[in-house]
Amino acid sequence: MEKRDRLYEGKAKVIFATDDPNLYVQYFKDDATAFNGVKKGTITDKGAVNNLVASRLMTILEAVGIPVHFVKRLNDREQLIRKVEIIPVEVVIRNVVAGSMAKRLGLPEGQPLPRPILEFYYKADALDDPLVIRDHVLVFGWATEAELAWIEQTCLRINDVLIGFFANIGIRLVDYKLEFGRLASQPGQVVLADEISPDTCRLWDLVTGEKLDKDRFRRDLGGVVEAYREVARRMGLALDS
Ligand code: UDP
């Protein structure tokens with residue numbers, strides 16, 4: 001496999017073509033943004049830690065039968081992934097009240113939910129990724145009814161697996177964001193895409209409630225990379241430095 005042109009640069013990752021038209025390389029940067037790019041920073045080694053954590057989580061999900069775009073971790077910063085057409089809807093899964101939902105509904109952060117809530121956000125930077133309802137996704141054709149039903153069901157399965165996985169290492173999975181894509185090589189097949197990492201999850205220590213995620217950056221709490229490394233350490237992942 002040979003890395004070719006840089007195709008797309010996002011806020012935290014870069015996508016490269018390869019000599020195989022169905023495979024891309026996903027590169028994890030140290031750049032961090034929050035509030036849709038309004039707050040910017042660099043967190044040394046974040047990319048390497050996220051690559052490690054995201055690779056392991058994708059492997060765990062694949063092992064329980066969730067189709068994923070992840071193929072393998074190539075090195076410190078890069079993963080080999082299958083080419084997908086990203087469905088322009090971010091799915092947020094919430095187990096505990098926090099973040100934008102706490103603010104929108106005037107609820108205290110930390111209140112457990114009796115069952116998970118799925119929210120949909122339309123991926124559109126110019127609009128600040130607005131919260132949308134299920135009918136928007138269908139009527140505007142961002143996903144078909146069959147795709148959306150599969151995504152919802154798959155999110156709940158992923159949630160069951162991840163809640164248990166994190167609880168075992170003393171972490172409360174509060175909320176997180178997932179993205180899905182249509183496989184270029186297999187029309188009709190939707191797979192989990194993007195990344196799951198401390199950048200895209202809220203992870204709280206089960207005992208102390210300490211935040212081990214991007215809220216440390218968003219809220220200027222300090223110790224950002226240390227918290228990300230702690231997640232990797234509890235997952236049994238060895239970082240070089
Ligand atoms: N999230 C994300 N990318 C986004 C928006 C949200 O990864 O563009 C994650 C975020 O890290 C959190 C969850 O989705 O774990 C819910 O985020 P929320 O809606 O509370 O927004 P926030 O207050 O984090 O901006």
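Here we summarise the structure given alongside this text.

Before going further, it helps to examine the side chain of Thr154. Structurally, Thr154 can be placed in helix α4 (residues 145-168). A residue is classified by how much of its surface remains accessible, and Thr154, at 4% relative accessible area, is buried.

The end-to-end C-alpha distance of α4 is 35 Å, a good match for the 34 Å that 24 residues give at a rise of 1.5 Å each. When α4 is considered as a whole, its buried residues turn out to be Glu147, Leu148, Ile151, Glu152, Thr154, Cys155, Ile158, Asn159, Leu162, Phe165 and Phe166. Count one or two residues on from α4 and you reach Gly170, which has phi positive near 75°.

Looking now at helix α1 (residues 46-63). Between its first and last C-alpha atoms α1 spans 26 Å; for 18 residues at 1.5 Å apiece the expected length is 26 Å, and the two agree. α1 sits mainly inside the fold: 14 of its 18 residues count as buried. Phi turns positive, to about 95°, at Gly65, one or two residues after α1.

Right, let's get into empty space enclosed by the protein. Inspection of the entire model under this criterion finds 1 cavity of 30 Å³ or more. In this structure, the largest cavity is lined by Ile87, Val89, Val91, Phe120, Ala143, Leu148, Ile151 and Phe180. Going through the elements one at a time, β9 (89-96) and α4 are the ones with two or more residues in the lining of the largest cavity. For the lining of the largest cavity, the per-class residue count stands at 8 nonpolar, no polar and no charged.

Further remarks concern the nonpolar core. Grouped together as the largest cluster of nonpolar side chains are 50 residues, with contacts concentrated most on Leu57, Ile158, Leu162, Phe166, Leu178, Phe180 and Leu192. Taken together, the elements giving at least two residues each to this core come down to β4 (31-34), α1, β9, α4, β12 (171-183), β13 (190-193), β14 (201-205) and α6 (224-234). In this structure, Phe166 is in contact with Leu57, Ile171, Leu173, Leu203 and Val231, ignoring residues within four places of it in sequence.

Before going further, it helps to spend a moment on the site of the ligand. The ligand sits among 14 residues. The nearest are Arg94, Ser100, Asp175, Arg202 and Arg218. A distance of 2.8 Å separates an oxygen atom of the ligand from a polar atom in the side chain of Arg94. In the model, an oxygen atom of the ligand is placed 3.5 Å from a nitrogen or oxygen of the Thr200 main chain. When isolated, the ligand has an accessible area of 510 Å², and the protein chains bury 78% of it. Judged by its atoms lying within 2 Å of the grid points, the ligand is housed in the largest pocket. Of all elements in the fold, only β9, α2 (99-105), β12 and β14 reach the threshold of two or more residues within the shell around the ligand. When the residues that make up the shell around the ligand are grouped by side-chain class, the tally is 4 nonpolar, 3 polar and 7 charged.

Take the sheet that holds strand β6 (residues 70-73) next. Reading across from one edge, β1-β2-β3-β7-β6 is the order of the 5 strands in this open sheet, with antiparallel pairing throughout. The strands lining the two open edges of the sheet, one partner per strand, are β1 (3-9) and β6. Sheet twist, expressed as the mean angle between neighbouring strand axes with direction ignored, is 30°. In this sheet, strand β7 (residues 78-82) lies alongside β6 in antiparallel orientation, the contact comprising 3 bridges.

Calculation rules
- Residues numbered from 1 in each chain as written.
- Predicted model: local features only at pLDDT ≥ 70, side-chain atom pairs only at ≥ 80, totals over all residues.
- Heavy atoms only, no water.
- Helix = DSSP H or I, 4+ residues; strand = E, 2+ residues; numbered from the N terminus.
- Buried < 20%, exposed > 50% of the residue type's maximum accessible area, 1.4 Å probe, protein only.
- Expected span 1.5 Å × (residues − 1).
- 1 Å grid on protein atoms, 1.4 Å probe; cavity = no way out; pocket = protein on both sides within 12 Å on 5 of 7 lines; lining within 4 Å.
- Points joined across faces, edges and corners; volume = space filled by probe spheres on them.
- Nonpolar A, V, L, I, M, F, W, Y, C, P; charged D, E, K, R; others polar.
- Core = buried A, V, L, I, M, F, W, Y, C linked by side-chain atoms within 4.5 Å.
- Contact = heavy atoms within 4.5 Å.
- Near = heavy atom within 4 Å.
- Polar contact = N/O pair within 3.5 Å; in protein donor to acceptor, adjacent residues only side chain to side chain.
- Areas by Shrake-Rupley, 256 points an atom, 1.4 Å probe, with all protein chains shown as cover.
- Sits in = over half its atoms within 2 Å of the grid points.
- Pairing = 2+ DSSP bridges.
- Axes fitted to C-alpha atoms, helices over the stretch in contact; angles between N-to-C directions.

By themselves these figures say nothing about function.
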